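Working through the structure, step by step
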Amino acid sequence: LKMSWFWFYRPLYLLMVASLCHSIKAPTTSSQQSFKTDLFNFYHSLILADGKETTVHLLKDIPKRYYFVLEESRALTPFTITVTPCDVPIEWSILMHKASATFPGKAARGDHGTQEVSKAQKAPSMVSTIFSYKGNSVETYMGMSSHSALYMLEFLSTERDTHITVYLTTDTTSGHLYPELPMDPRIDVIGIGHTTVTLTWKHSPSVLQHRENIQYCLLVNEKHNYKSLCAAETAIRSSGMKLPPTLALSLSPYLLEPQQVMILSNSELSIISKASSGEVRQVCMGTKNTYTVPSLSPSTQYYFDVFVVNLLTNASAAYTGTFARTLEEPEPKVMDLKDGKVVQIVLDGKKQKFYSLQYQARHKKIQFTFQLCHGQVRVHITKNGKTVASENISGLRYFSLKGKLLDMYLVQLRSTEESNSSVKVQVSSHSHKPLFPLLPESLKIKSFSKLRTCNSVTIAWLGTQEESKYCVYKKRIEEDQVWVELRSADRCSGPESRHKSEKVLCKYFYDINLQRAVTTETIKGLDAGTLYLFDVYLFGPTGIPIRYHSKVVKTRKKC
């Protein structure tokens, strides 16, 4: 400030010194110079900059004051002050101190001048509160002044330590730091589905004027609406997430944290942040004012906030938030199982949903049979609402259950892999003969390395006490096909899916003594140094085949 202004506002600065003295101990002669330096730095830290957004940190129950001066002008001087709470509600007010008409600014350095200053300090008509507010909304005060005056802004947080942003400007001709909101700043919900919500809002005037520098960004969460971008960022960070400076609501590249996922598609930037309190989704969609939020959970209430962001300044304005509840997921269709009938179910691995089957018992003892065809499957069985079995299955699995007539069984199947899985299911009473054949202790095929030659291999497998038919098939494969062949094999398919040239032989055998229920077979006519895939199919009395685990064997290269 110029020296003339200092003497003109000397009473006000004395007031500031008085308030400062409450918290600063009177300096001794030895520390007088240090005190003057601290006082100078203190005053300069309290001057509110014109045309710049200032971040103010508040301690609980400790007021903080900032000052700015409007000089005398022939024309009215407009000014605006915007305060944005970034967390809890705060109290803030604007006080104006006008120059006294009886104090012309010629205060002397003598006693008489000191008395006039003292009278001016005590004159209550010189200080007036022109605005006050309490809450956590973004609030803007617009004023006009034609008098020389000193303004003081006082801020107080009574709940906890927090921070706010303050923006003062006296220049209304060079545009707005904050993007403008439309006359109706509400967000309209125009569509609700089981996993989607469609929103629309009126265009910001700033988008129409400065389309290349403005964009809309959407925040989705399950807790509540946020009245400012600053408040949203603070709340999300306090829940355990670490976010980029402005919630990554610009297209600038940020280094994301491990709990964040960034998705950029169709000119839209999405960032999904996960914490114990739930998922927060941020999407920037350019200047589109209609957006469908995908991949939501059914029967869940979500809160939606739209911010219009100035990409040059990172300043933003918040639309009035809204909320919507997604529709309840429809009850899955339940398929009825018929006694003795085999059904094959294909399970979608991507959706990870249960497929439901139900069966009403006609006998006290029943048996469920599951044959895994492909992938990995989880089976969950309940009887009259109580769980009786739950496990992942492999190969062929039987569940023998006891109950009462007309008991209701519910079978739920789910793929445990991202790829599709399939399984065959049969339920039968114990009075019926099972459709699946009696199985040996193991479905593995064994090969004998010492019996390998350049054109033959010898394999063996276990049988049962029941006379059954066994068919052997071979297939020539390349080394890079081994994993694919074993992985993609359909364990439920029978020989009908194989080429006729792959069939080697079929034979019958059994043995009452299980320790001797073993058979071997030497397959001849093979090529030297070549990989072969061998399969054995077991056929029971009903003709339904069971496939042993495939075996890969390589013939000797030199003999």
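Check the entry above for the structure.
Computed from a predicted structure; not experimentally measured.

**As for the overall build of the protein**
Summing up its helical and strand segments, the protein has seven helices and 35 strands in all. Buried residues in the protein amount to 43% of all 559 residues. Of all intrachain contacts in the protein linking residues separated by at least 6 positions in sequence, the fraction that spans at least 24 positions is 75%. Accessible surface for the protein amounts to roughly 30800 Å². Of this, 52% is attributable to carbon and sulfur atoms.

**Remarks on the sheet that holds strand 10 (residues 197–201)**
Read from one edge to the other, the open sheet built from three strands follows the order 9-10-15, with strand pairing classed as antiparallel. Each edge of the open sheet carries a strand with a single partner, namely strand 9 (187–192) and strand 15 (290–293). Along the sheet, successive strands turn relative to each other by an average axial angle of 25°, direction set aside.

**Brief notes about the packing of aromatic side chains**
Within this structure, the stated rule accounts for 20 aromatic pairs. Ring centres of Tyr216 and Tyr319 lie 6.3 Å apart, and the angle between their planes is 70°; on these two criteria the pair is classed as edge-to-face. Of this pair, Tyr216 sits in strand 11 (residues 214–221) while Tyr319 sits in the loop between strand 17 (316–318) and strand 18 (322–325), placing them 103 residues apart in sequence. Centroid distance Tyr302 to Phe304: 6.5 Å. Interplanar angle 35°. Geometry classified as tilted. A cation over an aromatic ring shows up here: Lys469 above the ring of Phe539, its NZ or CZ 5.6 Å from the ring centre.

**Points about the pairing of strand 26 (residues 408–415)**
Burial of strand 26 is one-sided: the residues Tyr409, Val411, Leu413 and Ser415 facing one way are buried, the residues Met408, Leu410, Gln412 and Arg414 facing the other way are not. Bridge count for strand 21 (residues 355–360) against strand 26 is six bridges, and the pairing is antiparallel. Note that in strand 26 the partner of Tyr359 across the bridge is Tyr409. Examined bridge by bridge, strand 23 (residues 377–383) and strand 26 share seven bridges and lie antiparallel to one another. Note on strand 26: the bridge partner recorded for Lys383 is Tyr409.

**Looking at the pattern of salt bridges**
According to the stated counting rule, one finds 14 salt bridges in the structure shown. Arg498 is paired through a salt bridge with Asp535; the nearest N and O atoms lie 2.8 Å apart. Of this pair, Arg498 sits in the loop between helix 7 (482–488) and strand 31 (503–509) while Asp535 sits in strand 33 (residues 531–539), and the two are 37 residues apart along the sequence. Taking relative accessible area as the criterion, Asp535 reaches 0% and is therefore assigned buried. Here the residues in one salt-bridge network are Arg498, Glu502, Asp535 and Arg547, joined through shared partners.

**A few points about the sheet that holds strand 3 (residues 77–85)**
Spatial strand order, 1-8-3-6: four strands in an open sheet with antiparallel pairing. Every interior strand has two partners, whereas the edge strands, strand 1 (52–58) and strand 6 (139–145), have only one. For this sheet, the mean inter-axis angle between neighbouring strands, taken without regard to orientation, is 20°. Taken together, the six bridges between strand 3 and strand 8 (residues 162–169) define a ladder with antiparallel strand orientation. Bridging across to strand 8, Val83 finds its partner in Val166.

**A word on the pairing of strand 9**
Where strand 9 and strand 10 come together, five bridges link them in antiparallel fashion. Considered in strand 10, the bridge of Ile192 is made with Val197. Where strand 9 folds back onto strand 10 in an antiparallel hairpin, the turn is made up of four residues.

**Observations regarding the state of the cysteines**
Overall, the coordinates contain five disulfides when judged by the stated rule. Here Cys217 pairs with Cys284 through a disulfide, and the sulfurs are 2.1 Å apart. The chirality of the disulfide connecting Cys217 with Cys284 is right-handed, given an S-S dihedral of about 105°. Taken together, the positions of Cys217 in strand 11 and Cys284 in strand 14 (residues 278–284) put the pair 67 residues apart, joining distant regions of the chain.

**Quick notes on unusual backbone geometry**
Unusually for a residue other than glycine, Ser295 sits at a positive phi of about 55°. Structurally, Ser295 can be placed in the loop between strand 15 and strand 16 (301–310). What makes Ser295 exposed here is its relative accessible area of 59%. Positioned with a positive phi, Leu406 is a non-glycine residue whose angle comes to about 70°. Note that Leu406 resides in the loop between strand 25 (396–402) and strand 26. On the basis of relative accessibility, which here comes to 59%, the residue Leu406 falls in the exposed class.

**Remarks on the nonpolar core**
Membership of the largest hydrophobic core comes to 24 residues, with the highest contact counts inside it found for Phe368, Phe370, Ile381 and Leu413. Elements with a minimum of two residues in this core: strand 20 (342–347), strand 21, strand 22 (365–374), strand 23, strand 24 (386–393), strand 25, strand 26 and strand 27 (421–429). The greatest single-element share of this core, amounting to four residues, is contributed by strand 22. Sequence-distant contacts of Phe368, defined by excluding residues within four places in its chain, comprise Leu337, Ile381, Arg397, Tyr398, Phe399, Leu401, Tyr409, Val411, Gln426 and Val427. Residues Leu58, Phe131, Tyr141 and Ala149 belong to the second largest nonpolar core, which totals 23 residues.

**Notes on the side chain of Asp535**
Looking at Asp535, its side chain comes within polar contact range of the side chain of Ser550, at 2.4 Å. Not counting chain neighbours up to four residues away, the residues in contact with Asp535 comprise Ile445, Cys471, Val472, Tyr473, Arg498, Arg547, Tyr548 and Ser550.

Rules behind the numbers
- Residues numbered from 1 in each chain as written.
- Predicted model: local features only at pLDDT ≥ 70, side-chain atom pairs only at ≥ 80, totals over all residues.
- Heavy atoms only, no water.
- Helix = DSSP H or I, 4+ residues; strand = E, 2+ residues; numbered from the N terminus.
- Buried < 20%, exposed > 50% of the residue type's maximum accessible area, 1.4 Å probe, protein only.
- Contact = heavy atoms within 4.5 Å.
- Areas by Shrake-Rupley, 256 points an atom, 1.4 Å probe, with all protein chains shown as cover.
- Pairing = 2+ DSSP bridges.
- Axes fitted to C-alpha atoms, helices over the stretch in contact; angles between N-to-C directions.
- Phe/Tyr/Trp six-rings, centres within 6.5 Å; stacked < 30°, edge-to-face > 60°.
- Lys NZ or Arg CZ within 6 Å of the ring centre and 35° of its normal.
- Salt bridge = Lys/Arg side-chain N within 4 Å of Asp/Glu carboxyl O.
- Disulfide = S-S within 2.5 Å.
- Core = buried A, V, L, I, M, F, W, Y, C linked by side-chain atoms within 4.5 Å.
- Polar contact = N/O pair within 3.5 Å; in protein donor to acceptor, adjacent residues only side chain to side chain.

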